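Examination of the molecular architecture
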Amino acid sequence: MPNHNNTQRNPSVVIIGAGMTGVLLTIKLREAGITDLTILEKTDRLGGTWRENTYPGVACDIPAHMYTYSFEPNPDWSHRFAHGDEIQQYFERVGRKYGVTDSISFNEAVTSSVYKDGKWTVKTSKGRTIVADFVINSTGILHHPAKPEIKGIDSFKGKMFHTAEWDHNVDMHGKKVGIIGTGSTAAQVIPEVAKEAAKMSVFQRTPQWVLPIGNKAITEKEKAKLRKSPVKLQLLREFYNWAISQLLTKAVTGHKVQNWLFSTICKRYMKKAVKDPVLREKLTPNYKVGCKRIVVSNTIIPAMQRDNVNLVTDGIVEINETGIKTADGQQHDLDVLILSTGFNPVAYMRPMELLGKDGLHINEAWENKIQTYRSVCMPGFPNNFLMLGPNSPIGNYSVIEMSEVQTRYIIKLINRWRSNEFDAVEVKHSAVKRFADYMRAGMSKTVWVGGCQSWYLDGDGDPILWPYTFQQWEKEMAEPDMQDFDTVNFPQELVPRKPLKKVSA
Ligand code: NAP
């Protein structure tokens, strides 16, 4: 709709969370001229997952040169898969450079967001009340540690912690260390801790496919070349984007040749790299390659073959004061127990109280199924957006690249508000249903429904990922289809439509 009065409003926006997506939103909203921002961060530092995860070996498992904002490439990564502290420093540097850090309200958690007549009332742990036109939940996905419900877990007398809550005061030297879980996190932790521990027991419930890519160090000469040539740096990013989207993404979304390629590499590696046939059998999955997120590592399989590492595949019966008892009746005495048991990925912005139109609570809205429209919009929650929501192309691409696409989509919707097109925008239920049908149709071709359990699946066993190519997603996210939204204009006394900024004709 045209902007009849040639004016633009400047909306107030609350951004919840200052991780990778919160920093990005702040930069891009400001660039678009949306400057009335309140950025709330529950901890004392920005960085999200990279601030929280400090376990030994933490690194990204996609090439670091594509794990940067498109507008802030980094020629200085030390390794192909940059270490966690380096990634944290990158986000802190970007935060400072773009003046984001100074704008964040740290140590201020949101306790509730309540909608009424085009306005959100946000309350915080500091007792503040903020009234805003829009709320964006950029609270991340893998940030609620999932602790296993195992009999006797609280009785353990040694040191016990989740990988996302690493206790750096615990010295592993000469200790008997146990780790529950064998996912991507454990694959990074085990090789590091096994170097120090006297004995390491790995409690595996399900084996993992491993893609043996090494973490190559980037030489000073290579870094200098990238520093000198922004074009080379951009080409490197494009190459990785191409490789991941054309090979890995396609391998897991129903493209036979790519799937054959990854299956062959992973299966051959397992055969060649594990010398002992009994150990090999225990480490070899019986589900399709890619059904669970593939572990990218060339250090985990060698680590599993160290003399001081013991793979335990008998089920855990209980945790007791001194260690773990397994189904074969064996007691595994431990000094330290590491829980590498993953996250609850479907909590999103909860436990925050989020109440939409007519008092609709997010728990009620999502009682039967977590549903969104294009991952970003929720019916019943006007002017409220979710970053990296369900059915984002997570699991097979860079979350930064996809956050940039979602940010552009959100800004396009907010820009329509600025042009006085509406005061509130809410996705239609019919559009959400159509989107869900579209997702279901695509899922049947993916490997995620290939008979394994993973964090990719919701309570009904439906994958929360995007089942098509990244390019298709990008294309469909290019422009909001306004036919899928209900819009409302409120009387002026409720939502003053005072022009704040003159726009040249
Ligand atoms: P995860 O993939 O969900 O793995 C959790 C592990 O814990 C699985 O092996 C699981 O076994 C096991 N487990 C859970 N509950 C258990 C129980 N009660 N008893 C025994 N075993 C239990 O979690 P994650 O390794 O933390 O990785 C999560 C995601 O984080 C990754 O897929 C990745 O997307 C991301 N991540 C990224 C990076 C990176 O880029 N740097 C690094 C690490 C993680 P089952 O397999 O049998 O369920």
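Here the focus is the site of the ligand. Close to the ligand lie 23 residues, the nearest being Ala-59, Thr-185, Thr-206, Lys-292 and Trp-455. Here Asp-61 contributes a side-chain N or O atom positioned 2.9 Å from an oxygen atom of the ligand. In the complex, the protein chains occlude 85% of the 910 Å² of accessible area that the ligand would expose alone. Counting residues per element, the shell around the ligand draws most heavily on helix α4 (residues 184–193), which supplies 3 residues. Considered class by class, the residues forming the shell around the ligand number 9 nonpolar, 10 polar and 4 charged.

This paragraph deals with the sheet that holds strand β14 (residues 309–312). Taken in spatial order, the 5 strands line up as β9-β18-β10-β11-β14 in an open sheet, and their pairing is parallel. For this open sheet the edge positions go to β9 (159–162) and β14, each flanked by a neighbour on one side alone. Neighbour-to-neighbour, the strand axes of this sheet turn through a mean angle of 15°, independent of strand direction. Relative to strand β18 (residues 336–339), strand β10 (residues 176–180) runs parallel, the two sharing 4 bridges. Each bridged residue has a counterpart across the sheet, and for Ile-180 the counterpart in β18 is Leu-339.

Put simply, Arg-350 and Pro-351 share a cis peptide bond, and its omega is 15°. Looking at the element boundaries, Pro-351 is found in the loop between β18 and β19 (353–355). Phi is positive for Asn-107, which is not a glycine, with a value near 55°. Locating Asn-107 in the fold gives a position in the loop between β4 (104–105) and β5 (110–116). Positive phi outside glycine occurs at Asn-383, with the angle close to 55°. Mapping Asn-383 onto the fold places it in the loop between α10 (362–365) and β20 (384–386). The class of Asn-383 is buried, set by a relative accessible area of 0%.

It is worth spelling out the domain arrangement of the protein chain at this point. Looking at the assigned domains, one finds that the protein chain contains domain 1 (7–46 + 100–141 + 346–502) and domain 2 (153–339). Computed over C-alpha atoms only, the centres of domain 1 and domain 2 are separated by 33 Å. The interface of domain 1 with domain 2 comprises 20 residues on the first partner and 20 residues on the second. Both faces combined, the contact of domain 1 with domain 2 buries some 1600 Å², and carbon together with sulfur accounts for 57% of it. Our count for the domain 1 to domain 2 interface comes out at 1 salt bridge. Its residues assigned to classes, the side of domain 1 that touches domain 2 comprises 9 nonpolar, 9 polar and 2 charged.

Under the 1.5 Å per step criterion, the end-to-end length of helix α7 (residues 256–273) is 25 Å for 18 residues, consistent within 8% with the ideal 26 Å. Buried within α7 we find Gln-258, Asn-259, Phe-262, Ser-263, Thr-264, Cys-266, Tyr-269, Met-270 and Ala-273. Residues of α7 that are buried in the fold lie against β12 (210–211), α6 (230–252), α8 (277–283) and α9 (300–304).

A complete count under the given rule lists 23 aromatic pairs for this structure. Ring geometry for Phe-161 against Trp-166: centres 4.8 Å apart, planes inclined by 70°, an arrangement best described as edge-to-face. By the burial criterion, Phe-161 is buried, and Trp-166 matches it. Taking the centre distance of 6.0 Å and the plane angle of 80° together, the rings of Trp-448 and Tyr-456 count as edge-to-face. For the residue pair Trp-448 and Tyr-456, the accessibility class agrees, reading buried in each case. Ring pairs connect the aromatic residues Trp-50, Tyr-67, Tyr-69, Phe-71, Trp-77, Tyr-90, Phe-91 and Tyr-98, which therefore count as one cluster. Here Arg-9 stacks its cationic end above the ring of Trp-417, 3.7 Å away from the centre of that ring. Directly above the aromatic system of Phe-71 lies the positively charged group of Lys-28, at a separation of 4.2 Å from the ring centroid.

What counts as what
Residues numbered from 1 in each chain as written. Predicted model: local features only at pLDDT ≥ 70, side-chain atom pairs only at ≥ 80, totals over all residues. Heavy atoms only, no water. Near = heavy atom within 4 Å. Polar contact = N/O pair within 3.5 Å; in protein donor to acceptor, adjacent residues only side chain to side chain. Areas by Shrake-Rupley, 256 points an atom, 1.4 Å probe, with all protein chains shown as cover. Helix = DSSP H or I, 4+ residues; strand = E, 2+ residues; numbered from the N terminus. Nonpolar A, V, L, I, M, F, W, Y, C, P; charged D, E, K, R; others polar. Pairing = 2+ DSSP bridges. Axes fitted to C-alpha atoms, helices over the stretch in contact; angles between N-to-C directions. Buried < 20%, exposed > 50% of the residue type's maximum accessible area, 1.4 Å probe, protein only. Domains from an automatic or database assignment. Contact = heavy atoms within 4.5 Å. Buried area = accessible area lost by both parts, 1.4 Å probe. Salt bridge = Lys/Arg side-chain N within 4 Å of Asp/Glu carboxyl O. Expected span 1.5 Å × (residues − 1). Phe/Tyr/Trp six-rings, centres within 6.5 Å; stacked < 30°, edge-to-face > 60°. Lys NZ or Arg CZ within 6 Å of the ring centre and 35° of its normal.

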